[in-house]
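Results of the structural survey
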Amino acid sequence: RSSTSTAGQPASHDDDSMRQDRKTSKGMLQLTLPWLIRLSQASDGLRRIICDFLLQKDAEESQLCPLERLLTAGPLLPQAVDEKLTNLYLDLMFDLQFKSQFAVHFVRHYQKFVDNMVDRWSPGRARSLDRISVQLFTIRDLTISLVRNQGLLETLLSTTMTVLSQALDQNLLLNPNHSVLANRFYWQLTHDVRFVFSHRAVCELLLTASSPSPSHSGGCLSPSSSFVGMVSPSHRERFPLRAVGAWSSSLVSAWMQVVSLPQGMNPHVRELISHVEYESPTWDCAFALEFELMSLHMLLLANGVPP
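Bear in mind the structure is a predicted one, so any value in this text is a computation, not a measurement. (Residues numbered from 1 in each chain as written. Predicted model: local features only at pLDDT ≥ 70, side-chain atom pairs only at ≥ 80, totals over all residues. Heavy atoms only, no water.)

**Quick word on a nonpolar patch on the surface**
A cluster of nonpolar side chains, contributed by Trp-283, Phe-287 and Phe-291, occupies part of the molecular surface with about 370 Å² of accessible area. Secondary-structure assignment places Phe-287 in helix α15 (residues 282–304). (Patch = residues over 30% accessible without salt bridge, like charges linked within 9 Å, V, L, I, M, F, W, Y side chains within 5 Å. Areas by Shrake-Rupley, 256 points an atom, 1.4 Å probe, with all protein chains shown as cover. Salt bridge = Lys/Arg side-chain N within 4 Å of Asp/Glu carboxyl O. Helix = DSSP H or I, 4+ residues; strand = E, 2+ residues; numbered from the N terminus.)

**Observations concerning the packing of aromatic side chains**
Overall, the coordinates contain 10 aromatic pairs when judged by the stated rule. On the numbers, 5.8 Å between centres and 85° between planes, the contact of Phe-106 with Tyr-110 is edge-to-face. Judged on exposure class, the residue Phe-106 and its partner Tyr-110 are both buried. The rings of Tyr-89, Phe-98, Phe-102, Phe-106, Tyr-110, Phe-113 and Phe-137 are connected pair by pair, giving a single aromatic cluster. (Phe/Tyr/Trp six-rings, centres within 6.5 Å; stacked < 30°, edge-to-face > 60°. Buried < 20%, exposed > 50% of the residue type's maximum accessible area, 1.4 Å probe, protein only.)

**Describing empty space enclosed by the protein**
Counted under the stated rule, the structure contains 2 cavities of 30 Å³ or more. In this structure, the largest cavity is lined by Pro-75, Asp-82, Thr-86, Phe-113, Asn-116, Met-117, Arg-125, Ser-128, Leu-129 and Ile-132. When contributions to the lining of the largest cavity are tallied by element, the ones reaching two or more residues are α4 (79–92), α6 (110–119) and α7 (123–136). Sort the elements by how many residues they give to the lining of the largest cavity and α7 lands first, with 4 residues. As a volume, the second largest cavity reaches approximately 40 Å³. (1 Å grid on protein atoms, 1.4 Å probe; cavity = no way out; pocket = protein on both sides within 12 Å on 5 of 7 lines; lining within 4 Å. Points joined across faces, edges and corners; volume = space filled by probe spheres on them.)

**As for the side chain of Asn-303**
With respect to the helices and strands, Asn-303 occurs in helix α15. Judged by relative accessible area, which is 12%, Asn-303 ranks as buried. Within the structure, Asn-303 has its side chain in polar contact with the backbone oxygen of Phe-197 (distance 2.9 Å). In this structure, Asn-303 is in contact with Phe-197, Ser-198, Arg-200, Cys-203 and Glu-204, ignoring residues within four places of it in sequence. (Polar contact = N/O pair within 3.5 Å; in protein donor to acceptor, adjacent residues only side chain to side chain. Contact = heavy atoms within 4.5 Å.)

**A short note on the nonpolar core**
Counting residues in hydrophobic clusters, the biggest one holds 74 residues, and the most contacted among them are Phe-102, Phe-137 and Trp-255. With 7 residues, the top contributor of residues to this core is helix α9 (residues 152–165). (Core = buried A, V, L, I, M, F, W, Y, C linked by side-chain atoms within 4.5 Å.)

**Considerations on the packing of helix α14 (residues 251–260) against α15**
Two numbers describe how α14 lies on α15: the axes approach to 10 Å, and their chain directions differ by 150°. Taken together, the axes of α14 and α15 are roughly antiparallel relative to one another. Where α14 crosses over α15, the two elements pack in a sense that is left-handed. Along its contact with α14, which presents Trp-255, Met-256, Val-258 and Val-259, the element α15 presents Leu-293, Met-294, Leu-296, His-297 and Leu-300. The class makeup of the residues in the contact of α14 with α15 is 8 nonpolar, 1 polar and no charged. (Axes fitted to C-alpha atoms, helices over the stretch in contact; angles between N-to-C directions. Parallel < 35°, antiparallel > 145°, perpendicular 65-115°, else oblique. Left-handed = near helix turned anticlockwise from the far one by under 90°. Nonpolar A, V, L, I, M, F, W, Y, C, P; charged D, E, K, R; others polar.)

**What to know about the layout of surface pockets**
If you add up the space inside the largest pocket, you get close to 460 Å³. If you go around the largest pocket, you meet 17 residues; those closest to its centre are Asn-266, Pro-267, His-268, Val-269 and Trp-283. Tallied by class, the residues present in the lining of the largest pocket amount to 8 nonpolar, 5 polar and 4 charged.

**Some remarks on the pattern of salt bridges**
Under the counting rule described, the total for this entry stands at 7 salt bridges. Between Arg-48 and Asp-52 there is a salt bridge, and its shortest N-O distance comes to 2.7 Å. Taken as a pair, Arg-48 and Asp-52 lie in helix α2 (residues 44–55) at a separation of 4 residues, close to a single helical turn. Connected via shared salt-bridge partners are Arg-48, Asp-52 and Asp-95.

**Examining unusual backbone geometry**
For Leu-172, which is not glycine, the phi dihedral falls at a positive 65°. Here Leu-172 lies in the loop between α9 and α10 (179–182). Using a relative accessible area of 9% as the deciding quantity, one classes Leu-172 as buried. For Arg-184, which is not glycine, the phi dihedral falls at a positive 60°. Residue placement: Arg-184 occurs in the loop between α10 and α11 (187–197).

**Focus on helix α5 (residues 96–108)**
In this model α5 runs 19 Å from its N-terminal to its C-terminal C-alpha over 13 residues, within 8% of the 18 Å that 1.5 Å per residue would give. Taken as a whole, α5 has its buried residues at Phe-98, Lys-99, Phe-102, Ala-103, His-105, Phe-106 and Val-107. Measuring from the side-chain oxygen of the N-cap residue of α5 to the backbone nitrogen of Gln-97 gives 3.1 Å; that N-cap residue is Asp-95. (Expected span 1.5 Å × (residues − 1).)

**Some words on the confidence of the model for the chain**
Confidence in the prediction for the chain averages 78 pLDDT; 75% of positions are at 70 or higher. Mean pLDDT values over the elements of the chain span from 44, in helix α13 (residues 233–236), up to 95, in α5. Below a pLDDT of 50 lies the segment residues 1–6, which in the model reaches 9 contacts outside its immediate sequence neighbourhood of four places, other chains included. Segment residues 210–249: pLDDT under 50, and 85 contacts once partners within four positions in sequence are set aside and those in other chains are kept. (pLDDT = per-residue confidence, 0-100.)

Written out as structure tokens, the structure is:
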């Protein structure tokens, strides 16, 4: 049967078939996830079998393992299915070997999770990301390993910079009325940075070393890369006035670029001509972001600078 009904126009039959396939796949996943959760809770042996299956590579090394496929597709699933998938991850993390390997894949897909959270915002999606982050980034040894070997700091800083840069106006100043700031879309990012900065060894590494992580397929920076590579090209064009000389590859310089973003946002102006009966609520959005970043900066200094 021809795949088009008229020249240049796809047949509606094919579109209907694809939609039906997607609907069927989602339905099967909704039925399978609770079953897998019950199996993982039944015994350590069954949990280990599920973990091995999710981490198993195909014969061709270029193919993604089932866990990577789920991490890629998860943020695009309906929220109810995504929550069940998160529950499965959390149950499987009782297997410590799986937890360490899951953390590596999670860091590599972190920006996709955040991008989807911003594009399809809901408290449930933010909660799913937070439930995973708190299980990983609060563990000292695991976090240090992710920072040294998987570019966790580069990933967090690049994602934060990309999300906040969406709120830049034509003057390269953050617009407090933008949805990213008004709806606190950045909160999960700063929350995760707070988890990482709570480890003294990470703060000392950040303040004393340049980008330490090797180049890898996860998309993070190599030591020779510059921080400008963290930002997408469309956003990078909006930053030239911010840069002083070349963008530095140092992690501390990268952090200072993030901290400097709120400067000049929502400046206070003294009104001398007429009384202002109602203040603009935009100051609250500006204050919240400034307070969040400055509290992180003080945490970094408190844990990273020797007494």
